Structure formats: structure tokens, C-alpha cells
Amino acid sequence: MISVSKDANNQIFPLAFGIAESENNNSYEWYFSQLRNAIGSRENLIFLSDRHQAIANGIVKVYPESHHGICIYHLEQNLKRRKVKSEVIKLFQSAARVYKRKEFDIYMSDIANVDKKTYDYLMEEPPERWARSCSPQRRYDMLTTNIVESMNSVLLEARELPILRMMDFIQVKLQHWFYERRNKAEGTFYDVSCWVEEELKNRIDLAFTLNVFPVDSWRSRVEEEGITFLVDLNKRTCDCFQFQLDELPCIHAIAAIEKRNIKKSDFCSHWYLKESWLKTYERQIHPAGHTDSWIVPESVKSQIVKPPDFKVPPGRRQKKRHIPATEPSKITFKCGHCRRIGHNRTTCIYSPALHPFSRKHREE
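Residues numbered from 1 in each chain as written. Predicted model: local features only at pLDDT ≥ 70, side-chain atom pairs only at ≥ 80, totals over all residues. Heavy atoms only, no water.

Chemist: Requested: an account of the overall build of the protein chain, with residues and values cited.
Modeler: When helices and strands are tallied, the protein chain shows 14 helices and eight strands. Residue burial in the protein chain is summarised as follows: out of 364 residues, 35% are buried. Sequence separation of 24 or more characterises 56% of the internal contacts of the protein chain that already satisfy a separation of 6 or more. (Helix = DSSP H or I, 4+ residues; strand = E, 2+ residues; numbered from the N terminus. Buried < 20%, exposed > 50% of the residue type's maximum accessible area, 1.4 Å probe, protein only. Contact = heavy atoms within 4.5 Å.)

Chemist: For the nonpolar core, give the residues involved together with the corresponding values.
Modeler: Grouped together as the largest cluster of nonpolar side chains are 26 residues, with contacts concentrated most on V196, V231, L233, C238 and F243. Going through the elements one at a time, helix 9 (194-207), strand 7 (227-232) and helix 11 (251-260) are the ones with two or more residues in this core. Per-element tally for this core: the top contributor is helix 11, with six residues. Filtering out sequence-adjacent residues up to four positions away, F243 remains in contact with L233, R236, T237, C238, L248, P249, C250, A253 and F267. Among the nonpolar cores identified, the runner-up in size contains 21 residues, and I111, L122, W130 and A131 belong to it. (Core = buried A, V, L, I, M, F, W, Y, C linked by side-chain atoms within 4.5 Å.)

Chemist: For the packing of helix 1 (residues 25-39) against helix 2 (residues 53-62), give the residues involved together with the corresponding values.
Modeler: Packed helix pairs are specified by the crossing angle of their axes together with the interaxial distance, meaning the distance between the axes. Two elements in contact, helix 1 and helix 2, have axes separated by 8 Å at closest approach and are oriented at 45°. One element, helix 1, and the other, helix 2, form an angle in the oblique class. The hand of the helix 1/helix 2 crossing is right-handed. Contacts between helix 1 and helix 2 involve N25, Y28, E29, F32, S33 and R36 from the first element and A54, I55, N57, G58, I59, K61 and V62 from the second. Of the residues assigned to the contact of helix 1 with helix 2, the class counts are six nonpolar, four polar and three charged. (Axes fitted to C-alpha atoms, helices over the stretch in contact; angles between N-to-C directions. Parallel < 35°, antiparallel > 145°, perpendicular 65-115°, else oblique. Left-handed = near helix turned anticlockwise from the far one by under 90°. Nonpolar A, V, L, I, M, F, W, Y, C, P; charged D, E, K, R; others polar.)

Chemist: So what's going on with the pairing of strand 5 (residues 211-214)? Which residues, and what values?
Modeler: By the bridge criterion, four bridges tie strand 5 to strand 6 (residues 219-224) in an arrangement that is antiparallel. Within strand 6, the residue paired with V212 across the bridge is V222. Here strand 5 folds back onto strand 6, and the loop between the two strands holds four residues. (Pairing = 2+ DSSP bridges.)

Scope: geometric values only; no functional claims are made or implied.
If you want it as C-alpha cells, here you go:
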């Protein structure tokens, strides 16, 4: 079991690892209890996962004060399994990603007009759990669980190892990451992380195309393609809602900042600053060392650890997850007769069933 987040440089930051015999209520309750002991309860804490019921039960029981959001990718796959039109799926993607609640309502209204059953199905899951504009806590750009899948790919090799060797593999990997990222953070000359600096530079090009009309020392009226946005640099808000939800200046805010010739980094959240980046990796990951050098407390020595009461199912262990039929597969299938890629064996012109000397052909 893995919990990950992102650092100031938009890189995966592992928070916790857990090992359990299976994914059930008891396992997740234990895991989240250990997580709470490690990091406590933070303000504006939000969990993001798939729709596994055991995960939801564990969060409700251990972190009742936090918000639990769901991955929009998994919800989208459910729509594809229900044979929903591609037009409706695109509307759902837009509804989930927009920043303004009014735009969300418009997209959902369009879905209701095109496919009322799909609209009812989506509304069975509260929009607060999957739509960025409806979330009670900031989701930033964390709308899917892709970073967890990426972490799973990194540890794919380690999953085949015994538990102790697997933990050694994780320790070595984290030690390498912490060292490299700490050096990179120390070597930057920006006030913010390298990723944020690059993001701000990319937005400047778009900001130069906007018209800015200052209202007072902090507020400005910014026009984009005939639409007016009010930017308040003191409150760090914009009518597009991207400024306050991502806590990074949007293109309208950058246009207002450039008009006043002030530093853009002053309007970024402290989570994106260089000092926060350095603080994330200020500690070192030390190797466990040889067992002879371990200082084991008597309370640990006295414990008797028994193997888990778990029956290994017959057959070969599955190493990779099952790929649903709705996902594009990288495997290419060839016809068993003509060896052409993508041919259907039953309708191939080289199929024995349709061969001139076949029994079926003679009867016809």
C-alpha cells in the first residue's frame, strides 16, 4: 500500500508504504492508523483514490475530518464500460476539470440533454468527490491517481522480492531520490522551484496578448477575447478561479503583475518556494546497516511475529493488473492463417472455412 504526494517541483514524493495480506477493511484501517501516527492530521487534507470501498471505509474511520475525492480516470472508464457516447465522455472530462462552478453546471446540463441516464449515473456520486470546481478543498492539478500508478511501476521489480529485500530496494531508491533532489534544489537560483519558474515563463507569452486596465494599486481588469476578468493581487484571486485554486498566478494575474513590474514569485503559494522545496528533502535516508550494529529494544525482541493467516491461491501469481476491454491495449493480434495484424480469424479470406476446397464451401 502506497501514499504519495507532490513536492514543490511537481515530482512524486512518497509519504508512506505498508504491507498487508490483502485489500480489506482491516488492512486499510491499520494502514491509515499508522499513517495518522506518522503525519498526523493536516489542515485542508484531501485523499484521492479509486472507488475501492475498503479505502473509503478506512478514510472515514481514521480521517473523518478530511475530504475523500475519487480519480476521474476510473470514473471515465466506468462510463466507457456502459457504452457511453464519446461526445458525453468529452463533456464529462470538461465538467470535471473546469475551475468555475457555473461552467461545471453548463457542461452537466449539456450531458443531461444528450444522455439523461449518464447524467443520473454521474450525479449518484456527489460532484464534490470528482469535480475540481465543486471540491471543498483544493485539488490543484491532482484529478487522477496517475502518480500512484507511476510509483507502482517503479516498484514493480521489488514486488517479486521477499519483504526485507523489498524494503531495502525502497530504501535505496528513496536515498537516491532525496540526494539528487536536494542537490538540485540547492543549486537553483530561483525563488521558486524549477518547475514553477518554467510554468510562469510559459504563461508570460499568453499574458502579453491580453489587455490590462488597472483599477487601483492591486486590482486590474483584464480582457481576453472579449471576456473581462477582475484580478485582485492583494487577495490573490481572479474571476477564472485558477489563481486561487492552483495558488499559482494564472495568465490574467501574470498580465496584471507584468503591468506593475513586480516579482511573480511573490504571488505563488509558499508550497512552491525554494525554501519549501529544500525543507522537503532536508533529511537524509540512511541505510539500515548490518544486523550486528542494530540496537533493538527489548520490547521488540520479546514480540513473536507469526506468518499471516493467508492461503496462497493456486496458479501463477499475477504480476500486472488486468487491462479492461475499454482501455487501449499495446498487444497486437495477428490472424492465425494469413498472419496479418488486426484480421479476424473467422472472416479472413484465407480461413479454412471459406477455402474453395473446404467442406463448408462445397456444401454451399
